[in-house]
Amino acid sequence: MYYNDILKFQWEVYAHPIFSKTGNFPPEMIKRIADKSAAQGFLRSRLPELTSEEVKFIQGTSDLFGLNHYSTSFVYRNESSSKTNPVPSFGDDLDTITYQLSEWKIGRSNFTKYVPWGFRSLFNSISHQYGNPPIFVTENGFATHGGINDEDRVTYYRGYLNALLDAIDDGVDIRGYTAWSLMDNFEWTNGYTERFGLYEVDYNDPNRTRTPRKSAYVLKEIMRTRSIDPNYEPDMNQPLTIDDGH
């Protein structure tokens, strides 16, 4: 129950008005925020109320479902949320706490964890709730702290692409996949410490030299062969080029 609740607050609040058969915000979210707002002395719910015209206008206004995903968390109910979160707040409305297992960490970064089964589960959740819309994975990737031989990122991409293929076998309508990112970039509050790129950027070089990591070679081979070979080892002394016709 709490797993579904946190999804409603984290992303279904945006997806439900567009993709659901009923439109509007998730009913459980509407009720919880209304109840909490009343208990906190508000004259109306803190969640904006959509008119029937707005619900109808928003519903179905998308050609595809764009999905950004990096990791997964477990959830449990936090019965003392009012003591650990400001009132009112997102955390107090949620009434849950998330956590991740230590064994999900396969590199130095705390930003992304390796939980490919969660990727498959999320695909199926979207498919079952919203009538199997066409899904494009618009961001999926793994953070490191630099280095060309990014074995952890290779493990991540192989595992998550296998999970994606499993979801397709489940019947989920997945149309495309985008690895994030082509090259290292500024990552919000993590700055330049978290590296997501298939290409490493040398920030100490005025020319910002780009060098392909092992993951770039591996993903190229996956795209070239349309298969995931867990034993493939690229020759990183060869230049990384795109073959004609691929």
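Residues numbered from 1 in each chain as written. Predicted model: local features only at pLDDT ≥ 70, side-chain atom pairs only at ≥ 80, totals over all residues. Heavy atoms only, no water.

Participant: Mind showing me how you'd approach the overall build of the chain here?
Facilitator: On a plain count of helices and strands, the chain comes out with eight helices and seven strands. C-alpha atoms of the chain, sized along the principal axes, occupy 65 × 40 × 35 Å. Counting every position in the chain, which comprises 246 residues, the buried fraction comes to 41%. Counting contacts in the chain only where the partners sit at least 6 residues apart, residues at least 24 apart contribute 61% of the total. Surface accessibility of the chain: about 14200 Å² in total, with carbon and sulfur atoms responsible for 52%. Side chains of the chain carry 25 positive and 33 negative charges; the gap between the two charge centres is 3 Å. (Helix = DSSP H or I, 4+ residues; strand = E, 2+ residues; numbered from the N terminus. Buried < 20%, exposed > 50% of the residue type's maximum accessible area, 1.4 Å probe, protein only. Contact = heavy atoms within 4.5 Å. Areas by Shrake-Rupley, 256 points an atom, 1.4 Å probe, with all protein chains shown as cover. Lys, Arg positive; Asp, Glu negative; His and termini not counted. Charge placed at Lys NZ, Arg CZ, Asp CG, Glu CD.)

Participant: What is the right way to read the UniProt feature "active site" (unreviewed entry) in the chain from this model?
Facilitator: Mapped onto this numbering, the UniProt entry annotates "active site" (unreviewed entry) at Glu139. Tracing the backbone through its elements, the reader meets glutamate 139 in strand β4 (residues 135-140). (UniProt positions renumbered as here; feature names shortened; annotations may be inferred.)

Participant: Explain helix α6 (residues 116-129) to me, please; I cannot follow it from the model alone.
Facilitator: Helical periodicity: at 3.6 residues per turn, an α-helix aligns residues three or four positions apart in one direction. Compared with an ideal rise of 1.5 Å per residue, which puts 14 residues at 20 Å, α6 spans 20 Å between its outermost C-alpha atoms and is within 8% of the ideal. Within α6 the residues assigned to the buried category are Pro116, Gly118, Phe119, Leu122, Phe123, Asn124, Ser125, Ile126 and Ser127. One or two positions beyond α6, positive phi appears at glycine 131, with a value near 70°. (Expected span 1.5 Å × (residues − 1).)

Participant: Can you walk me through the sheet that holds strand β1 (residues 65-68) in this structure?
Facilitator: Within a sheet, adjacent strands bond to each other through the backbone by hydrogen bonds, running parallel or antiparallel. The three strands are arranged β1-β4-β5 in an open sheet whose pairing can be described as parallel. Single-partner strands in this sheet number two, and they are β1 and β5 (174-179). Across the sheet, the mean angle from the axis of one strand to that of its neighbour is 20°, orientation sign disregarded. Judged from the four bridges that link them, β4 and β5 form a sheet pairing that is parallel. Bridge pairing in β5 links asparagine 140 to alanine 179. Helix-sheet contacts for helix α7 (residues 151-169) involve β4 and β5, and the interaxial angle to β5 is about 170°. (Pairing = 2+ DSSP bridges. Axes fitted to C-alpha atoms, helices over the stretch in contact; angles between N-to-C directions.)

Participant: How do you make sense of unusual backbone geometry when you look at a structure like this?
Facilitator: Glycine aside, negative phi is the norm for most residues, and most peptide bonds take the trans geometry. Here the bond from valine 87 into proline 88 is cis, since omega is -5°, no more than 30 degrees from zero. As for its position among the elements, proline 88 is in the loop between α4 (81-84) and α5 (90-94). One non-glycine residue, aspartate 95, adopts positive backbone phi at about 60°. In this fold, aspartate 95 is placed in the loop between α5 and β3 (96-99). In this structure, arginine 208 is a non-glycine residue whose phi angle is positive, near 50°. Taking the relative accessible area as the measure of exposure, arginine 208 reaches 35% and is therefore partly exposed.

Participant: Can you walk me through the nonpolar core in this structure?
Facilitator: One broad rule of soluble globular proteins: the nonpolar side chains tend to lie buried together. Core analysis: the biggest nonpolar cluster contains 34 residues, and Trp11, Phe65, Leu67, Phe119, Phe123 and Ile126 have the highest contact counts within it. Elements with a contribution of two residues or more to this core: α1 (2-19), β1, α6, β4, α7 and α8 (214-225). Here the element with the most residues in this core is α7; it accounts for eight residues. What phenylalanine 123 contacts, discounting residues up to four positions off in sequence, is Leu67, Ile135, Val137, Leu164, Ala167, Val172 and Ile174. Phe9, Val13, Leu47 and Leu50 belong to the second largest nonpolar core, which has ten residues in total. (Core = buried A, V, L, I, M, F, W, Y, C linked by side-chain atoms within 4.5 Å.)

Participant: Looking at this structure, how should I read the environment of aspartate 202?
Facilitator: Inspection of the secondary structure assignment puts aspartate 202 in the loop between β6 (199-201) and β7 (210-212). Spatially, the C-alpha atoms of aspartate 202 and glycine 146 are 9.5 Å apart, while their sequence positions differ by 56 residues. Other than its neighbours up to four places away in sequence, aspartate 202 contacts Arg208 and Thr209.

Participant: Is there a simple way to think about the pattern of salt bridges in this case?
Facilitator: Side chains that differ in sign of charge can pair as their charged atoms come close. Per the stated rule, a full pass over the model turns up 16 salt bridges. Here aspartate 92 and lysine 36 are joined by a salt bridge, their closest N and O atoms 3.5 Å apart. Taken as a pair, aspartate 92 in helix α5 and lysine 36 in helix α2 (residues 27-39) lie far apart in primary sequence, 56 residues in all. Here aspartate 92 falls in the buried class, since its relative accessible area comes to 3%. In this structure, glutamate 200 and arginine 213 form a salt bridge, with 2.7 Å as the shortest nitrogen-oxygen distance. Placement of the pair is glutamate 200 in strand β6 and arginine 213 in the loop between β7 and α8, with a sequence separation of 13 residues. Its relative accessible area of 0% is what places arginine 213 among the buried residues. (Salt bridge = Lys/Arg side-chain N within 4 Å of Asp/Glu carboxyl O.)

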